[in-house]
Amino acid sequence: MSASQTNLAWDVLLDLSGPGSLHRRLTRALRGAITSGRLAHGMALPPSRTLAAALGCSRWTVTEAYGQLVAEGYLEARVGSATRVRWSPVNEPMPSRPTVTGP
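Everything quoted here is computed from the prediction, not taken from an experiment.

Undergrad: Outline the packing of helix H4 (residues 48-55) against helix H5 (residues 59-72), listing residues and values.
TA: Following both chains from N to C, one finds H4 and H5 inclined at 120°, their axes separated by 8 Å at the closest point. Accordingly, the angle class assigned to the pair H4 and H5 is oblique. Crossing handedness for the pair H4 and H5: right-handed. Taking contact as the criterion, the partners of Ser-48, Arg-49, Leu-51 and Ala-52 in H4 are, on H5, Arg-59, Val-62, Thr-63 and Tyr-66. Each residue belonging to the contact of H4 with H5 can be placed in one class, and the counts come to four nonpolar, two polar and two charged.

Undergrad: Break down the pattern of salt bridges for me, citing the residues and quoting the values.
TA: A complete count under the given rule lists two salt bridges for this structure. Where Arg-31 meets Glu-72, a salt bridge forms, and the shortest distance between an N and an O atom there is 2.9 Å. With Arg-31 in helix H3 (residues 22-35) and Glu-72 in helix H5, the pair connects residues that are 41 residues apart, well separated along the chain. The partly exposed category is assigned to Arg-31, whose relative accessible area is 24%. By relative accessible area, which is 34% here, Glu-72 ends up partly exposed. Note that Glu-76 is salt-bridged to Arg-78, the shortest N-O span being 3.7 Å. Residue class for Glu-76 comes out partly exposed when judged on its relative accessible area of 30%.

Criteria and thresholds
Residues numbered from 1 in each chain as written. Predicted model: local features only at pLDDT ≥ 70, side-chain atom pairs only at ≥ 80, totals over all residues. Heavy atoms only, no water. Axes fitted to C-alpha atoms, helices over the stretch in contact; angles between N-to-C directions. Helix = DSSP H or I, 4+ residues; strand = E, 2+ residues; numbered from the N terminus. Parallel < 35°, antiparallel > 145°, perpendicular 65-115°, else oblique. Left-handed = near helix turned anticlockwise from the far one by under 90°. Contact = heavy atoms within 4.5 Å. Nonpolar A, V, L, I, M, F, W, Y, C, P; charged D, E, K, R; others polar. Salt bridge = Lys/Arg side-chain N within 4 Å of Asp/Glu carboxyl O. Buried < 20%, exposed > 50% of the residue type's maximum accessible area, 1.4 Å probe, protein only.

Below, the structure written as structure tokens:
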């Protein structure tokens, strides 16, 4: 992990305010950081234990958030490797257009 990743102030980068359980708020905050570009495509996220310690929460909270974002296609996880940002504005699917039917 690079120095810039270990020095990120995750508690400042991620806004965990709002309604819902902590793992849902963390999921929402990570998704927002990814779609806004604060977490760039290919960037390695910290291990779940490290992020949990930085945020003062349980590892379960982080693993649930990471798992949800993997399922949604925002992150990719490989055994023995870092969890990385998969989403980018370039590979975002185009929104579907409504079908127009005749009169």
